[in-house]
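Coordinates in review
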4 protein chains.
Amino acid sequence: MDLFVRVRELSVALCAPLEIEDYGVQPMADASPPKWHLAHTTWFFETFILKEFVPGYQPVHEQYEYLFNSYYNGVGTPFPRVSRGFLSRPTVAQVLDYRVQIDEAMHELLEGCDNEEIWRRLVLGCHHEQQHQELLITDLKYNFGHNPLYPAYVSAPVLPAARTPADMRFVEQSGGITYVGVNATSDSFFFDNEGPDHQVLLQPYAVGDRLVTNGEYLEFINDGGYANPQIWLAEGWAHQLQQGWQCPEYWVQRDGQWFEYRLDGLHPLRLDLPVVHVSGHEAFAYANWAGARLMTEFEFEASVPLQTEGGYLEQGFFHPMACPEASAGSGGWIKQGFGQTWQWTASAYGPYPGYEPMAGTLGEYNGKFMSSQLVLRGASCVTPQTHARRTYRNFFYPPDRWQFTGIRLAKNV
Amino acid sequence: MDLFVRVRELSVALCAPLEIEDYGVQPMADASPPKWHLAHTTWFFETFILKEFVPGYQPVHEQYEYLFNSYYNGVGTPFPRVSRGFLSRPTVAQVLDYRVQIDEAMHELLEGCDNEEIWRRLVLGCHHEQQHQELLITDLKYNFGHNPLYPAYVSAPVLPAARTPADMRFVEQSGGITYVGVNATSDSFFFDNEGPDHQVLLQPYAVGDRLVTNGEYLEFINDGGYANPQIWLAEGWAHQLQQGWQCPEYWVQRDGQWFEYRLDGLHPLRLDLPVVHVSGHEAFAYANWAGARLMTEFEFEASVPLQTEGGYLEQGFFHPMACPEASAGSGGWIKQGFGQTWQWTASAYGPYPGYEPMAGTLGEYNGKFMSSQLVLRGASCVTPQTHARRTYRNFFYPPDRWQFTGIRLAKNV
Amino acid sequence: MDLFVRVRELSVALCAPLEIEDYGVQPMADASPPKWHLAHTTWFFETFILKEFVPGYQPVHEQYEYLFNSYYNGVGTPFPRVSRGFLSRPTVAQVLDYRVQIDEAMHELLEGCDNEEIWRRLVLGCHHEQQHQELLITDLKYNFGHNPLYPAYVSAPVLPAARTPADMRFVEQSGGITYVGVNATSDSFFFDNEGPDHQVLLQPYAVGDRLVTNGEYLEFINDGGYANPQIWLAEGWAHQLQQGWQCPEYWVQRDGQWFEYRLDGLHPLRLDLPVVHVSGHEAFAYANWAGARLMTEFEFEASVPLQTEGGYLEQGFFHPMACPEASAGSGGWIKQGFGQTWQWTASAYGPYPGYEPMAGTLGEYNGKFMSSQLVLRGASCVTPQTHARRTYRNFFYPPDRWQFTGIRLAKNV
Amino acid sequence: MDLFVRVRELSVALCAPLEIEDYGVQPMADASPPKWHLAHTTWFFETFILKEFVPGYQPVHEQYEYLFNSYYNGVGTPFPRVSRGFLSRPTVAQVLDYRVQIDEAMHELLEGCDNEEIWRRLVLGCHHEQQHQELLITDLKYNFGHNPLYPAYVSAPVLPAARTPADMRFVEQSGGITYVGVNATSDSFFFDNEGPDHQVLLQPYAVGDRLVTNGEYLEFINDGGYANPQIWLAEGWAHQLQQGWQCPEYWVQRDGQWFEYRLDGLHPLRLDLPVVHVSGHEAFAYANWAGARLMTEFEFEASVPLQTEGGYLEQGFFHPMACPEASAGSGGWIKQGFGQTWQWTASAYGPYPGYEPMAGTLGEYNGKFMSSQLVLRGASCVTPQTHARRTYRNFFYPPDRWQFTGIRLAKNV
């Protein structure tokens, strides 16, 4: 219940710096308007809890079921995704009112409720909303970052000052048989795609001890990385040619100098910061160029420790930070695993052995997306900290760049 | 000067019923956001008057020249038209402030100004803004009319009650040599595409004395008009197949009953009202089906009288009205020529003999669009009345439907 | 009957230089395979004469009605136009056999036939086939001209040697009222779109006395013609940007030198030859740049004499020739009007006053294409000579370049 | 050497039933013309052997390197893949002559040759050509199967008569640690993507003992399989909606009866034959509907025996056969693993641990395609028998249907 209150409040709080005009913009099909995120996360509770468990429940608005359905065919044909930015009505005020009404109805229902399924869905809805909190920020960044005025979301970010990170070291891992995934009897929350837990057999490998930096990525660019088809996957090469990519999303070149749009505005490129907003294809090409490769998702899960300090949405930097210097004796420590950038893996997103989607319409949550996507591991600077897990499997298409996606290298041993 | 003040005020007044959220939506490439119309019309005065005639003029914002340029290559590459809806910034307040600043600068410049070119451009800018007033309303209608909530722009329209119009009569015209277009020495304002005046030779013809109604168009639909390729132009047939058209834009069928979205909301279809929001292709097919044809633009100019009462933007109906009943002895009177709907003609939009575009960048205003479009004559229920002229040549592509476009029939004699 | 025999033989004779492989290629949607032209022209006689007038007629093949229908919805949905190149069957031999069978059936029917409608359709079918003879050559040129091997269709063309044409002169015309079009009672053949004849009123004008040359067009290119939006129509500018046009179709630049693919192979660009294979948009921009304009179709009809010597398909050059030098005293003679290149006009393709399409399915021949296209006048080096007429109205879309289309200038007086 | 001779001869022999017209058709981007396959496989030997190892080698034609390069950027930008069908020249005769010249040059080089790399590439080139033999047939089938005349490639196929296959049984497998892939020191030929060999850990599972039949797939159709989004992957659902799929490729419904185009022509659908030409998305949806799942590639490799009799290209059926009845006591025998249809697996196509592409340009052969595709296992009725291996990894995109792709089910235990 406490989680519910905190999550619901945070979504609204994240919108505090917005003008009314910002709530409605969908600058590309993938990047939904903030207003839609606020409404859809509310719709989730109304649809999967209130409508199913409150006898005689009257929907707040008969059209909201249609308007704010993302992709659940079990609830009916959703409003076309590409048109979310065309809905100037309901207004922001009406959507916020929708949130209030649903929250009140939820509180009423939960008061003394002992239906386990309701509580289970409540937690699911909270984690669902946390996902949308991250998306709300990434989608807003896409909007602001493509507006020639480059508006800032946060006025005074105070990212720690620049410093040169230590050289990347590769930390060797012995591989062997290891358990991955989450056991269905776990008390903690997890998505269905994280289970069943099972054993996998890993070959020995080595992991880069920090993220790739802007400075390192700039070397790749200056060495003709975007002009050399031999280091790219065929799909990636075709895609970047077609898109005219010459640098990560949000890098801007003016009079020969590089800038980067961050949520605190457009600034000269800082070479010490992790490179971010690269596609899976760019990550693959970079790794190839660097004589390395991307990790598999299980190598990541087996070796990268969950970090609890630094980074994450709550920190309020809205950008990944430079790698902390190695403390004495910490040579083997794998850093920046969580809370800075998602890390592309070489693993296609698919079902674990014995995977079963949730029953009913909620089964459309994860399972139906298990094709053509890659798993990303870790968590980013705009992931809520309580949302991060070592078993977490994020997934995006190899050409996607608008998430906070970065690069961690691995090598065979 | 009076015109300037009135036009500038009307643009803002037209937005009074809007929520902030409505100002930014671009529901398709052709339909720009209200905010953009408010800014672009202001940009026009800044670019073509203040920047050229005020020594040392400092632009309100260095990026506005780029952001609010519609299509004048002479001013530089414009901001991509399809992305106008992605600009949540500048905000509505900032755009309104832009208007105020430009208006003040204009007043200062015009005070005692005796530069004829400035006054000439002032009037041009006012007529330009009047065009955008109409577009602002049609674009807003496209937004609202495609929102499943069908919001109303005007709450209480009070369209006159339904009545059955008299049968359409065809009024014969003798043709012959007639002058069309405007003489360059005319004191009244006109666009460059309305001149030079010149003689044309018309064959005898007959003109329908009123607009085609919804009821008549419904007969066309019920007679399989959308399923019979023989009555369509090849392009029109291919286009409607691809679009799946089965009725005019804004008609909605629910449980076998027809509704029409008007700016006062979604209502049961009134058979007495003029059919509106049909494409040139549909107008052509309808005329063919009805055993008639569309008029040429010169037939229209030669025979249809300018009307000053009824209709027009100032009337506040925002929808064409039913045809007034013929008064006694008025059998030959051609009605609804102006102020209800634009009327598709069979004439391709091209230059008059001896046509010369305006000099310089303003020459891009009209001339460069003289291909693939049709001329529309008359004026609509959202055209400012002072903007209507018998020589006026509006132009749109044959598939366009989002303007208030209707059908007037003609016949050979 | 003689016409029928000659036309039918010529179609086959034109294919003599082809390899079997060449008959099936459709290198773009507009450019049909030679085999298809041979079959479709045959289908025309079978469909509109044999099937209608021979009692108990048995089609040669039940599927041919579907496969070789171009666009007559009255005969059923045609085989998709873009897929004509995918039909490896029927084979060339089968198509030639189809021709033989239909020719035999036609001879049998025509023997002593006194049905006027049959004879009328026979002549129509012959003129239809002449149109496809021209298309067969232009479509083949598109195939060969885009094959990196640049195969030649004719091995020894013997185009007259290069010579510098005299400067272009503008021949003044007084305008006034003139008859255009063909009277329905004419004994000669004409297409329905050439009538009814009627009077038009022309302003005074002047006509360029020859076609624009490659040399003149090269000046336009070197003067930045393709980089200056101010001289283009908006549609043309957008289209050429998207297509990356920098020169006419079939011009090739290698190591800074210009070549032109002609049907006798790839050769260094001859500056004296007429520029050909330019779009209507390029013709417009060139004229604008040259301080002139394109003609209207009626100006052309009123002033350009039909030429009977030189040029045309029968000549066997398959390329327009350089302008003959003015003979003494021929200063006012307008040259190259027919038999070299089609000439883009400024006139949109539309119906003449009182135009009526042919009855029935044949009414789809011309009328339904009267939108978005421009009229071209004259005739080209691959037009059969008996197909050329002063009243002839050819029509293509402004971006089309694969026909033998050139430029004649005009001016206001 | 013997392999080389046999493979080269078979490619030509496979074209024996073709008309010249058939050699040039590319009915969709993926389906190259037979002529191109004949040329490209020859190009492979010329490019990677003759040009590299014959001193002073003179290419047969300077443009062939460009025209017949498939996708090797290391050899230069290839001729656009979608335009292969536009090359009527070189002719079939010229391409066959190209084959003869290269074969002669190869024989000369190989005579007494002891350069191991040459022999290694020779074998690679032979297996490469075998892949194209299969593609030549599948691409030809796409051409013929979409021609309304449905021409037959083989006139008298004599597929064994229809019989009802025994019910599918699921054969349980214990899983555990197993070796997969090929060891680099293996004497036999294998592609780089089949190695390195390594251990994987499998959970217990069960394998369907035969392929899914047309009859079973028809039940899926009749049960609304194409109308139920809940059983499809999201990508698959969107794709089939857009494509309008209602059945496998090559199924045709006429007057309510089902037919299937096979390479021996269009025939009533035989329910006993394996379903073939289904996409990976359809295979997934079918398995879901059937309460099963697709196999992983390692489950397949670990459990499905290589078959040497029946099926394969050499058999000359060009279509998968019905499942042989279980012989007594053969209950656990997994049938139809090889030589009938490729079998979609649930495994994304990616690199094995420690995978290294071949050095140089040949490294583009397999590695750069390791994204967004699925592995298919087994071999089809048009795979050369010597080309089949248990470790073989075929790969196509989930929406692809033009290969002989079928369905084998698996289950968790």
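The structure presented is a predicted model; accordingly, all values stated were derived computationally and were not measured.

With 110 residues, the main nonpolar core has Tyr153(A), Tyr217(A) and Ile407(A) as its most contacted residues. In this structure Ile407(A) touches Leu211(A), Val212(A), Tyr217(A), Val275(A), Val278(A), Ala283(A), Tyr286(A) and Leu294(A), once residues within four positions along its chain are discounted.

This part is about the relation of the copies chain A and chain D. Note on the identical chains: chain A maps onto chain D by a rotation of 180 degrees and an axial translation of 0.0 Å, with an RMSD of 0.0 Å. On this basis, the relationship between the two copies can be described by a two-fold rotation axis. When C-alpha positions in chain A are compared against the rotation axis, the closest is assigned to Ser372(A), at 2.2 Å. Most of the interface of chain A is mirrored in chain D, where 100% of its interface residues again form contacts.

All names here are of chain C. One can describe the packing of helix α1 (residues 2-14) onto helix α4 (residues 92-110) by two numbers: an axis separation of 12 Å at closest approach and a directional angle of 175 degrees. One way to sum up the angle between α1 and α4 is to call them roughly antiparallel. On α4, the residues touching Phe4, Val5, Arg8, Ser11 and Val12 of α1 are Leu96, Arg99, Asp103, Met106 and His107. Residues belonging to the contact of α1 with α4 are distributed by class as follows: 5 nonpolar, 2 polar and 3 charged.

If charged atoms from side chains of opposite charge come close, those side chains can pair. Under the counting rule described, the total for this entry stands at 88 salt bridges over all chains. For Glu216(B), the salt bridge is made with Arg210(B), and the minimal N-O distance between the two is 2.8 Å. The exposure class assigned to Arg210(B) is buried, which follows from its relative accessible area of 4%. Each of Arg8(A), Arg99(A), Asp103(A) and Glu129(A) takes part in a single network of salt bridges with overlapping partners.

The next subject is helix α4 (residues 92-110) of chain B. Side chains that are three or four residues apart share a direction in an α-helix, a result of its 3.6 residues per turn. Residue and element names in this part refer to chain B. In this model, α4 (19 residues) spans 27 Å end to end at C-alpha, consistent with the 27 Å of a helix rising 1.5 Å per residue. Of the positions making up α4, those classed as buried are Val92, Val95, Tyr98, Arg99, Ile102, Asp103, Met106, Leu109 and Leu110. Down the axis of α4, the buried side of the element spans an arc of 130 degrees, and every buried residue falls inside it. Turned more than 90 degrees away from the buried face of α4, the exposed residues are Ala93, Glu104 and Glu108. Buried residues along α4 sit against α1 (2-14), α2 (34-53), α3 (64-67) and α5 (116-145).

What follows covers the relation of the copies chain B and chain A. Superposing chain B onto chain A takes a rotation of 180 degrees plus a shift of 0.0 Å along the axis, which leaves an RMSD of 0.0 Å. Comparing interface residues between copies, 100% of those in chain B also lie at the interface in chain A; the contact surface is shared.

Glancing now at the pairing of strand β13 (residues 409-412) of chain D. All names here are of chain D. Pairing of strand β4 (residues 205-208) with β13, which is carried by 3 bridges, proceeds in the antiparallel orientation. When the bridges of β13 are listed, Tyr205 appears paired with Asn412. One ladder, built from 2 bridges, connects strand β8 (residues 293-294) with β13; its direction is antiparallel. Residue pairing in the sheet places Leu294 in a bridge with Leu409 of β13.

Residue and element names in this part refer to chain D. Counting buried positions along strand β6 (residues 257-262) yields 5 of 6 residues, so the element is predominantly enclosed. In this sheet, β6 lies alongside strand β5 (residues 251-254) in antiparallel orientation, the contact comprising 4 bridges. Directly across from Arg254, in β6, lies its bridge partner Gln257. Taking the residues that link successive antiparallel strands as the turn, the β5-β6 hairpin has 2 residues, and the phi of Asp255 there is positive, at about 50 degrees. Bridge count for β6 against strand β7 (residues 265-268) is 4 bridges, and the pairing is antiparallel.

Moving on, we come to the sheet that holds strand β11 (residues 394-396) of chain A. Residue and element names in this part refer to chain A. Reading across the sheet, the 4 strands line up as β11-β10-β9-β12 and stay open at both edges, with mixed pairing between neighbours. In the strand order of this sheet, the two ends are held by β11 and β12 (405-406), each with one partner. The sheet contact formed by strand β9 (residues 342-348) and β12 spans 2 bridges and is parallel. Residue Gln343 lies in a different strand from β12, and its bridge partner there is Gly406.

What counts, and at which threshold
- Residues numbered from 1 in each chain as written.
- Chains lettered and ligands numbered in written order.
- Predicted model: local features only at pLDDT ≥ 70, side-chain atom pairs only at ≥ 80, totals over all residues.
- Heavy atoms only, no water.
- Core = buried A, V, L, I, M, F, W, Y, C linked by side-chain atoms within 4.5 Å.
- Buried < 20%, exposed > 50% of the residue type's maximum accessible area, 1.4 Å probe, protein only.
- Contact = heavy atoms within 4.5 Å.
- Least-squares fit on C-alpha atoms with pLDDT ≥ 70 in both.
- Axes fitted to C-alpha atoms, helices over the stretch in contact; angles between N-to-C directions.
- Helix = DSSP H or I, 4+ residues; strand = E, 2+ residues; numbered from the N terminus.
- Parallel < 35°, antiparallel > 145°, perpendicular 65-115°, else oblique.
- Nonpolar A, V, L, I, M, F, W, Y, C, P; charged D, E, K, R; others polar.
- Salt bridge = Lys/Arg side-chain N within 4 Å of Asp/Glu carboxyl O.
- Expected span 1.5 Å × (residues − 1).
- Arc of directions from axis to C-beta.
- Pairing = 2+ DSSP bridges.

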